[in-house]
Amino acid sequence: MFAFVRMAGNLPTIQKTFFRNFVALFFAVGVLLKNHTKFEVKGKMNNAVIFVRAFAGTIGMLGNFYAIDHLVLSDASMLNKMSPFFVIVFSFIFLKERLTAFQALTVAGAFIGSLFIIKPSFQLVEFFPALMGFIGGMGAGLAYTCVRYLGQHGVKGPVIVAYFSGFSCLVTLPFLIFDYHPMTVTQVLCLLGAGAAAAGGQFSVTAAYTYAPGKEISVYDYSQLIFTTILGFFFFGDIPDGWSFLGYFIIVAMAVLVFLYNNVWHKAEEDNS
């Protein structure tokens, strides 16, 4: 998805976001019809949470796409991968899940790692895209926390994806109408490719966070860094600087430590007790 979004060229971020979600909406509705699943969300709390999921996801995607267009591809990807750490934070705040001192330290470590990628400076041209990428990761983290809640309370995955995709299309449509940029056939194909890739990823992520605790699966999401680094190098000639690689190492190291703590060390302690 990241590669296709970049390949689409110099188009407004909102226009790219609309077409990405329009394709995902098409897939989601198709799954609903195929499985004869009703598009319904029961309960006031579920309706409120799915709205937050859609709103946070839309903000996160806009920030993410802006970063993709203005940063090295792997930098944009890594900032988006701050989302699992925000899941830990938001799960503690909103879902009242336990936050250990170890988890708090790894979240702080990941934040420090993100600073090496963002490289805060007074040069707005360089700082702003990185900040948008960080906000994109924050929005995705809140969205995944909501997905976790909705999955635990009986809302089907395809319904969540369809709601989010439809919401994002409605929000971005007015901007698209008033600031539409004509597209070539290649750009249309790239955005269709981005939408198809994103739909597959969205269904997979939604299923993962629905059926398993985020603490057990989030580390696997970091495999995306491998693919974006390779694709960024071969398709766009992107070469991250040394500070970015240091940031990657710190964030991935924190993710691995959290995974080991939740699934190996802490589990062994529980078994022994």
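Just so we're clear, the structure is a prediction, and the values are computed from it rather than from any experiment. (Residues numbered from 1 in each chain as written. Predicted model: local features only at pLDDT ≥ 70, side-chain atom pairs only at ≥ 80, totals over all residues. Heavy atoms only, no water.)

Draft legend 1. Representation of the overall build of the protein chain in the model. Helix and strand content of the protein chain: twelve helices and zero strands. Of the regular secondary structure in the protein chain, the N- to C-terminal order runs α-α-α-α-α-α-α-α-α-α-α-α. Over its C-alpha atoms the protein chain spans a radius of gyration of 19 Å, differing by no more than 12% from the 19 Å that the globule rule assigns to 273 residues. For the protein chain, the spread of C-alpha atoms along the three principal axes comes to 65 × 50 × 30 Å. When the 273 residues of the protein chain are sorted by exposure, 50% land in the buried category. Sequence-distant contacts in the protein chain: of pairs separated by 6 or more residues, those separated by 24 or more amount to 89%. (Helix = DSSP H or I, 4+ residues; strand = E, 2+ residues; numbered from the N terminus. Rg over C-alpha atoms; globule rule 2.2 N^0.38 Å. Buried < 20%, exposed > 50% of the residue type's maximum accessible area, 1.4 Å probe, protein only. Contact = heavy atoms within 4.5 Å.)

Draft legend 2. Spatial organisation of helix α5 (residues 83-94). Across its twelve residues, α5 extends 15 Å between first and last C-alpha, which sits within 8% of the 16 Å expected from 1.5 Å per residue. Of all the residues in α5, the buried ones are Ser83, Pro84, Phe85, Phe86, Val87, Ile88, Phe90 and Ser91. Positive phi shows up at Lys96, right after α5, with a value of about 60 degrees. (Expected span 1.5 Å × (residues − 1).)

Draft legend 3. Examining the nonpolar core more closely. Core analysis: the largest hydrophobic core is formed by 56 residues, its most contacted members being Ile68, Met78, Phe85, Leu150, Val155 and Ile251. Looking at which element gives the most residues to this core, the answer is helix α7 (residues 124-152), with ten residues. Those residues in contact with Met78 that sit more than four places away from it in its chain are Ile117, Tyr222, Leu225, Tyr248, Ile251 and Val252. The next biggest cluster of nonpolar side chains, apart from the first, holds five residues, and it includes Ala8, Leu11, Cys190 and Leu191. (Core = buried A, V, L, I, M, F, W, Y, C linked by side-chain atoms within 4.5 Å.)

Draft legend 4. View of the packing of aromatic side chains. The final tally for this structure, using the stated rule, is 15 aromatic pairs. Arranged with centres 5.3 Å apart and planes meeting at 90 degrees, the rings of Phe18 and Phe19 form a pair that is edge-to-face. Here the aromatic rings of Phe51 and Phe55 are separated by 6.4 Å at their centres, their planes lie at 15 degrees, and the arrangement is stacked. One end of the pair, Phe51, and the other, Phe55, are both in helix α3 (residues 44-70), four residues apart, so they sit about a helical turn from each other. When its relative accessible area of 46% is taken as the criterion, Phe55 is described as partly exposed. Ring-pair connections join several aromatic residues into one group, and the members of that group are Phe86, Phe90, Phe94, Phe111 and Phe134. Sitting over the ring of Phe236, Arg6 keeps its end group 4.9 Å from the ring centre. Seen from the ring of Phe164, Arg53 lies directly overhead, with NZ or CZ sitting 4.2 Å from the centre. (Phe/Tyr/Trp six-rings, centres within 6.5 Å; stacked < 30°, edge-to-face > 60°. Lys NZ or Arg CZ within 6 Å of the ring centre and 35° of its normal.)

Draft legend 5. Up close: the layout of surface pockets. The space that makes up the largest pocket amounts to roughly 710 Å³. Along the walls of the largest pocket sit 33 residues, with Met1, Lys81, Tyr144, Val205 and Gln224 positioned nearest its centre. Counting only elements with at least two residues in the lining of the largest pocket, the list comes to α1 (2-7), α3, α7, α9 (185-211) and α11 (223-236). Among the elements that take part in the lining of the largest pocket, α9 stands out by supplying eight residues, more than any other. (1 Å grid on protein atoms, 1.4 Å probe; cavity = no way out; pocket = protein on both sides within 12 Å on 5 of 7 lines; lining within 4 Å. Points joined across faces, edges and corners; volume = space filled by probe spheres on them.)

Draft legend 6. Structural context of the state of the cysteines. Taken as a whole and assessed by the stated rule, the structure comprises zero disulfides. Of all cysteine sulfurs, the one in Cys169 lies closest to Cys146, which takes part in no disulfide; the gap is 19 Å. On the basis of relative accessibility, which here comes to 8%, the residue Cys146 falls in the buried class. (Disulfide = S-S within 2.5 Å.)

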